[in-house]
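Residue-level listing of the chains:
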Number of protein chains: 2
Amino acid sequence: MRVSRRKFLKETAVAGTAAAILPSTILATGRMSDRIRIGVIGTGLRGQGLIGLVLRRDDVEIPAICDIDERMLEMTLARFDEADRRSPKIYSAGEKDYLNLLDKENLDGVIITTPWRWHTPMAIAAMESGKHVGVEVPACLTVDECWNLVRMSEKTEKFCMILENVCYRRDVMAVLNMVREGLFGELLHCQGGYQHDLRRVKFNDGENPYGGGVEYGEKGFSEARWRTQHSVDRNGDLYPTHGGGPVAQMLDINRGNRFVHLTSTATQSRGLHQYIVAQAGPDHPNAKVKFKLGDIVTTVIKCAKGETVVLSHDTNSPRPYSLNFCVQGTRGLWMKDNNSIYIEGLSPEDHKWEPDEPYLKKYDHPLWKRFESKAAGAGHGGMDFFIVRAFLESIKRDVSPPLDVYDAASMSVISPLSEQSIANGSAPMKFPDFTRGKWKTNKPIFALNDVY
Amino acid sequence: MRVSRRKFLKETAVAGTAAAILPSTILATGRMSDRIRIGVIGTGLRGQGLIGLVLRRDDVEIPAICDIDERMLEMTLARFDEADRRSPKIYSAGEKDYLNLLDKENLDGVIITTPWRWHTPMAIAAMESGKHVGVEVPACLTVDECWNLVRMSEKTEKFCMILENVCYRRDVMAVLNMVREGLFGELLHCQGGYQHDLRRVKFNDGENPYGGGVEYGEKGFSEARWRTQHSVDRNGDLYPTHGGGPVAQMLDINRGNRFVHLTSTATQSRGLHQYIVAQAGPDHPNAKVKFKLGDIVTTVIKCAKGETVVLSHDTNSPRPYSLNFCVQGTRGLWMKDNNSIYIEGLSPEDHKWEPDEPYLKKYDHPLWKRFESKAAGAGHGGMDFFIVRAFLESIKRDVSPPLDVYDAASMSVISPLSEQSIANGSAPMKFPDFTRGKWKTNKPIFALNDVY
């Protein structure tokens, strides 16, 4: 099984115009696999969620999983029981046992849902062993890792899909549809971000995943075990893909456009320390920890076609959840935080917002129309259904995935560039061109039809 | 009459804590002028609006005005008639006749409401001739102009107040009150900006101030006559003070804090050209004009105490009006665009916005409480009443104005620094310290009481 970009492009040639949405039949190649075999490396809460979705399908097997956390593995096995599926083989003999899984198991692809620092090494090893990869966000932590992913995918012709689920959020897909229909005119500016009070994720009691204590690292449980250390060691936009990924699709990044440079600026760091003191008092050992991560990090990206993107990273402070979406073009704009839209010539009153809901309904994406009932109940408001489906269908149909290794690299590289910018007084940092010039002629690949 | 900062500070010493609001009596010096005399240079629509407010007061005379536009002068004289006030002497003999006004007239202060490029030269000349200055925004267009204003004010001991009316917007003042009461905790991040579809301001038919044609420059009328050329010649945040001024007060800029550096990034320029073509066709001569100004300019400022400020300049595109305000601290945040607030421990539901209205009422600023009925009917929702009052009362009471030459410089310098940043690929630009170190010990001066 190999990725045939040419075949994919040929079959979907009619989708060359941005607005086209194809009926599902056009994509059928007649060479679909009946059943595919998927391994899962990393069975924390996120991995368990995705496994649950995979196990809904009769045409996919999970013969092997890998983790080193006994409790998480137990919880995962319970998922197999619930789904009445055969228990997978377990690889849990240390941090490198995933290599044995890759070596010994006959798999079509692997899903990687481990702590961030493992994403790239595991994805590299998986491709090298002949498996397609679906990797959680961010796919890579350094510029070198991004390049390594790209090179390995090109060398092995195995794909590396970034599992950026927010690309499939219903409102985001409807707005993508509007962008492709030209409703906003020519795009000028987008906003996104990750504004999510993670204090009860970054700290817990070592038993429960959320809150109840101020422990992290070895004494923490679930994400607190590893994610919090990034806030100690790094100052930058640590989690740029939920905001940057969806707007990258709207802006045709890597397909007619690309991210050119960014600047990042961070506020002082207060929230995590204050939380520890408020919860556990000034004498708790963690009250002495210095967190490098500024509470709010603002990143401004310039695109080759001229557009700008503002991303906000805001995870240490009390605030309502938002991904900060705003999409603006020469004819109008959409803003999520006030659930409003304004389109010149369509909106009833000049200079006045109108509710976005009728537009979101009218431009509902064909994928959502088709799979609404199946997506209901899947994680994160249904988004997870689509990201898992896209990964599995790409393997089954032997086609390029809708989010590929270039997406993985260009979305994820925002973090290291952001860190470098902040370390250099907000100096502009250039994005590598991971496509090596192909962005000029590449055509859009994301969500062009109602298949995946 | 000279500015006595010491006197002002001594009288308001109890206001040293940020939260204090003084009753008006404390400020009475016993040396108030009964009547003051104000000249007005620039009698376009903005000047006429401010003149109308000055003429409401029996204790202020306007013995002289200056402009070179006959039609505007006529409209201005009608204002005097309407108010049943004696007609002023008119200086209209060419662009430099303002120097004669300054030379010949016995005035306590002048209001400068001319096209931007005249603000600094006129303010400099006015201070040099012994008059206090109230100057419209922006006060200066280059870094040198900013320094020149500062030096002249220091040398002459005449004040140069920037007439940044949005500092007095009712919701903004209530939020300032909340900031000073510590409701948001320690501030982390603010947003502001100028998101205003000015296409019908930048172009008109030469007869009416708004729309009806695509003329500007010599063929335009009112602001189109001069403002539009800035969009041809400059790429940067051309109008930063409506957003930056109010948040500067919240952040104690020049008084315990300062702007340290900024980056700016601009989108492509589309809106103005497209507007000309849509209104007048591709063959209109103005369809050939190249506009340098990017449609949306995003500026990120870093403050000495660590906070960040994002300013948006967005004047060429169809969109609802917004000043983009957002104020966020370690305890919560306010966002204007969704009229919402969230304060940890106060808001009824964790992670959920609540309407801002009860908070805006509860924290209504004493100035607004006291002058609500008088402000009603004044320009821009009442803000103009307060900015004019502040200017006049500062002269009458012989005290420092609430927005001084350091405010004028540090708010206005955002424009040239923004232009330089964009011209250099979003490189960070350092703010000059116009206070020469005094920001470390200066105390807040804006809106500490219910007087002005």
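Before reading on, note that the structure itself is shown above.
One structure accompanies this document, and this report is about it. (Residues numbered from 1 in each chain as written. Chains lettered and ligands numbered in written order. Predicted model: local features only at pLDDT ≥ 70, side-chain atom pairs only at ≥ 80, totals over all residues. Heavy atoms only, no water.)

So, on to the overall build of chain A. Across its full length, chain A carries 16 helices and 15 strands. Taking 22 Å as the expected radius of gyration for a compact globule of 452 residues, we find that chain A reaches 21 Å, a close match to that expectation. The principal-axis extent of the C-alpha atoms belonging to chain A is close to 60 × 50 × 40 Å. In chain A, buried positions account for 65% of the 452 residues. (Helix = DSSP H or I, 4+ residues; strand = E, 2+ residues; numbered from the N terminus. Rg over C-alpha atoms; globule rule 2.2 N^0.38 Å. Buried < 20%, exposed > 50% of the residue type's maximum accessible area, 1.4 Å probe, protein only.)

Okay, the pattern of salt bridges next. Evaluation of the coordinates by the stated rule reveals 48 salt bridges over all chains. When the shortest N-O distance is used, the salt bridge between Arg 170 of chain A and Glu 372 of chain A registers 3.2 Å. Of this pair, Arg 170 of chain A sits in helix H7 (residues 170-181) while Glu 372 of chain A sits in helix H13 (residues 366-375), placing them 202 residues apart in sequence. Where Arg 46 of chain B meets Asp 384 of chain B, a salt bridge forms, and the shortest distance between an N and an O atom there is 2.8 Å. One end of the pair, Arg 46 of chain B, is in helix H2 (residues 45-54); the other, Asp 384 of chain B, is in helix H14 (residues 383-397), and 338 residues separate them in sequence. Overall, Arg 46 of chain B belongs to the partly exposed group, its relative accessible area being 22%. Look at Asp 384 of chain B and you get buried, because its relative accessible area is 3%. Three or more residues joined by partner-sharing salt bridges are found here, namely Arg 57, Asp 59, Arg 389, Glu 393, Lys 396 and Arg 397 of chain A. (Salt bridge = Lys/Arg side-chain N within 4 Å of Asp/Glu carboxyl O.)

Residue and element names in this part refer to chain A. Taking strand neighbours across the sheet as the criterion, the nine strands line up as S14-S13-S12-S11-S7-S10-S9-S8-S15 in an open arrangement whose pairing is mixed. With partners counted over all chains shown, the strands left at the sheet margins are strand S14 (354-355) and strand S15 (429-430), one partner each. Across two bridges, the pairing between strand S8 (residues 259-266) and S15 is antiparallel. Opposite Leu 262, over in S15, you have Met 429 as the bridge partner. The strands touched by helix H16 (residues 414-423) within the sheet are S8, strand S9 (296-303), strand S10 (308-314) and S15, with S8 carrying the most contacts at an inclination of about 55°. (Pairing = 2+ DSSP bridges. Contact = heavy atoms within 4.5 Å. Axes fitted to C-alpha atoms, helices over the stretch in contact; angles between N-to-C directions.)

Now for the nonpolar core. Soluble globular proteins: nonpolar side chains tend toward being buried together. Within the largest apolar cluster, 124 residues are counted, with the highest numbers of intra-cluster contacts made by Met 178 and Phe 184 of chain A. Both domain 1 (5-166) and domain 2 (169-365 + 406-440) of chain A contribute no fewer than three residues apiece to this core. For Phe 184 of chain A, the contacting residues outside a window of four places in its chain are Val 175, Met 178, Val 179, Val 327, Gly 329, Thr 330, Arg 331, Gly 332, Leu 333, Trp 334, Ile 341 and Ile 343 of chain A. Among the nonpolar cores identified, the runner-up in size contains 123 residues, and Cys 140, Val 175, Leu 183 and Val 413 of chain B belong to it. (Core = buried A, V, L, I, M, F, W, Y, C linked by side-chain atoms within 4.5 Å. Domains from an automatic or database assignment.)

In this section: the sheet that holds strand S1 (residues 36-41) of chain B. Residues and elements named next belong to chain B. The six strands lie next to each other as S3-S2-S1-S4-S5-S6, forming an open sheet whose pairing is parallel. Each edge of the sheet is formed by a strand with only one pairing partner; in this case those strands are strand S3 (89-91) and strand S6 (160-162). Here the average twist between neighbouring strands, direction ignored, is 25°. Summarising the sheet, S1 and strand S4 (residues 109-112) pair through four bridges and their orientation is parallel. Across the sheet, the residue bridging to Ile 38 is Gly 109, located in S4.

What follows is about the environment of Gln 48 of chain A. Residues and elements named next belong to chain A. Examined against the element boundaries, Gln 48 turns out to sit in helix H2 (residues 45-55). Among the residues examined, Gln 48 registers a relative accessible area of 4% and is labelled buried. Spatially, the C-alpha atoms of Gln 48 and Asp 171 are 26 Å apart, while their sequence positions differ by 123 residues. Among the polar contacts made by the side chain of Gln 48, one reaches the main-chain carbonyl oxygen of Thr 43 at a distance of 2.9 Å. For Gln 48, the side chain forms a polar contact with the main-chain oxygen of Met 72, separated by 3.5 Å. (Polar contact = N/O pair within 3.5 Å; in protein donor to acceptor, adjacent residues only side chain to side chain.)

All names here are of chain A. The alternating pattern of strand S12 (residues 332-335) places Gly 332 and Trp 334 and Leu 333 and Met 335 on opposite faces, both of which are buried. Both strand S11 (residues 326-329) and S12 contribute to a ladder of three bridges, which runs antiparallel. Across the sheet, Cys 326 pairs through a bridge with Met 335, a residue of S12. In this structure, the hairpin formed by S11 and S12 is closed by a connection of two residues. Here S12 pairs with strand S13 (residues 340-343) via four bridges, running antiparallel. Of the residues in S13, the one forming a bridge with Met 335 is Ser 340.

Pairs of packed helices are described in terms of their axes, by the angle between the two and the distance that separates them. Residues and elements named next belong to chain B. Viewed as axis vectors pointing N to C, helix H6 (residues 143-156) and helix H15 (residues 405-412) meet at an angle of 175°, and their least axial separation amounts to 9 Å. Judged on the interaxial angle alone, H15 and H6 are roughly antiparallel. Where H6 abuts H15, its residues Cys 146, Leu 149, Val 150, Ser 153 and Glu 154 lie against Val 405, Tyr 406 and Ala 409. A class-by-class count of the residues in the contact of H6 with H15 yields six nonpolar, one polar and one charged. (Parallel < 35°, antiparallel > 145°, perpendicular 65-115°, else oblique. Nonpolar A, V, L, I, M, F, W, Y, C, P; charged D, E, K, R; others polar.)

All names here are of chain A. Burial along strand S5 (residues 132-135) is two-sided: the face carrying His 132 and Gly 134 and the face carrying Val 133 and Val 135 are both buried. Relative to S5, strand S4 (residues 109-112) runs parallel, the two being bridged by four bridges. Along S5, the bridge assignment pairs Ile 111 with Gly 134. Where the polypeptide runs from S4 across helix H5 (residues 116-128) and back to S5, its parallel neighbour, the crossover connection is right-handed. Both S5 and strand S6 (residues 160-162) contribute to a ladder of three bridges, which runs parallel. Paired with Gly 134 across the two strands is Met 161, which belongs to S6. As a crossover connection, the stretch from S5 through helix H6 (residues 143-156) into S6 is right-handed. (Right-handed = clockwise from strand over helix to strand, strands pointing away.)

Moving on to unusual backbone geometry. Residue Pro 138 of chain A follows Val 137 of chain A across a cis peptide bond; omega there is -15°. Take Pro 138 of chain A: it is sitting in the loop between S5 and H6. Non-glycine residue Ser 426 of chain A carries a positive phi angle of around 70°. Tracing the sequence through the fold places Ser 426 of chain A in the loop between H16 and S15. With a phi angle near 60°, Asp 84 of chain B is a residue other than glycine that sits in the positive phi range. Classification of Asp 84 of chain B by relative accessible area gives exposed; the value is 70%.

The next point concerns the packing of aromatic side chains. Summed over all chains, the structure comprises 35 aromatic pairs over all chains. Ring centres 6.0 Å apart and planes at 10° place the aromatic pair Tyr 168 of chain B and Phe 386 of chain B in the stacked group. Of the two residues, Tyr 168 of chain B is situated in the loop between S6 and helix H7 (170-180) and Phe 386 of chain B in helix H14; the sequence distance between them amounts to 218 residues. Like Phe 386 of chain B, Tyr 168 of chain B is buried. Centre to centre, the rings of Phe 385 of chain B and Phe 386 of chain B are 5.1 Å apart; their planes meet at 85°, and the pair counts as edge-to-face. On the basis of relative accessibility, which here comes to 11%, the residue Phe 385 of chain B falls in the buried class. Judged by its relative accessible area of 1%, Phe 386 of chain B falls in the buried class. An aromatic cluster is built from Tyr 168, Trp 368, Phe 371, Phe 385, Phe 386 and Phe 446 of chain A, whose rings are joined through pairwise contacts. Stacked on the ring of Phe 221 of chain A, the Lys or Arg Arg 71 of chain A has its end atom at 3.9 Å from the ring centre. (Phe/Tyr/Trp six-rings, centres within 6.5 Å; stacked < 30°, edge-to-face > 60°. Lys NZ or Arg CZ within 6 Å of the ring centre and 35° of its normal.)

Everything listed here is a matter of geometry and, on its own, says nothing about what the molecule does.
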